[in-house]
Amino acid sequence: MLTRLLWKHSRARRELCGDRGMSTAEYAMGTLAAVALAAVLYKVVNSGPVGAELQGLVERALRAPF
């Protein structure tokens, strides 16, 4: 009897949600957005002026007295 009640409850929940398959599509879109952002950041960081500035920042940090 308890099993039947739980089954009905879970089935009703699934029918109310109506988002079957959406989590996979949303996960894929989020992954694509993260990869695109990483590619843009990679291009920016490896560009001439930004790369030189980052290198200077690291060199100054390494020369700082402790």
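Residues numbered from 1 in each chain as written. Predicted model: local features only at pLDDT ≥ 70, side-chain atom pairs only at ≥ 80, totals over all residues. Heavy atoms only, no water.

**Student:** What am I meant to see in the overall build of the protein here?
**Tutor:** A tally of regular secondary structure across the protein gives 3 helices and 0 strands. Ordering the α and β elements of the protein from the N terminus gives α-α-α. For the protein, the residues scored as buried account for 0% of the 66 residues in total. Per element, the accessible surface of the protein, about 6400 Å² overall, is 69% carbon and sulfur. (Helix = DSSP H or I, 4+ residues; strand = E, 2+ residues; numbered from the N terminus. Buried < 20%, exposed > 50% of the residue type's maximum accessible area, 1.4 Å probe, protein only. Areas by Shrake-Rupley, 256 points an atom, 1.4 Å probe, with all protein chains shown as cover.)

**Student:** Please clarify how the pattern of salt bridges should be interpreted in this entry.
**Tutor:** Two side chains carrying opposite charge are able to pair once their charged atoms lie near each other. Per the counting criterion, the structure on display carries 2 salt bridges. The closest approach of N and O atoms between Arg63 and Glu59, which form a salt bridge, is 3.7 Å. Taken together, the residues span about one helical turn, with Arg63 and Glu59 both in helix α3 (residues 48–63) at a distance of 4 residues. For Arg63, a relative accessible area of 61% gives the class exposed. For Glu59, a relative accessible area of 35% translates into the label partly exposed. (Salt bridge = Lys/Arg side-chain N within 4 Å of Asp/Glu carboxyl O.)

**Student:** Please explain a nonpolar patch on the surface as it appears in this structure.
**Tutor:** A contiguous nonpolar surface patch, about 450 Å² in accessible area, is contributed by Val40, Val44, Val45, Val50, Leu54 and Leu57. Taken together, the elements giving at least two residues each to the nonpolar patch come down to α2 (22–45) and α3. Checked against the element boundaries, Val40 lands in helix α2. (Patch = residues over 30% accessible without salt bridge, like charges linked within 9 Å, V, L, I, M, F, W, Y side chains within 5 Å.)

**Student:** Which parts of the structure should I look at to understand the confidence of the model for the protein?
**Tutor:** Atomic detail in the predicted coordinates should be set aside for any region of low pLDDT. Overall, the prediction assigns the protein a mean pLDDT of 81, with 70% of residues at 70 or greater. The weakest mean pLDDT in the protein belongs to helix α1 (residues 2–17) at 65; the strongest belongs to α3 at 90. (pLDDT = per-residue confidence, 0-100.)

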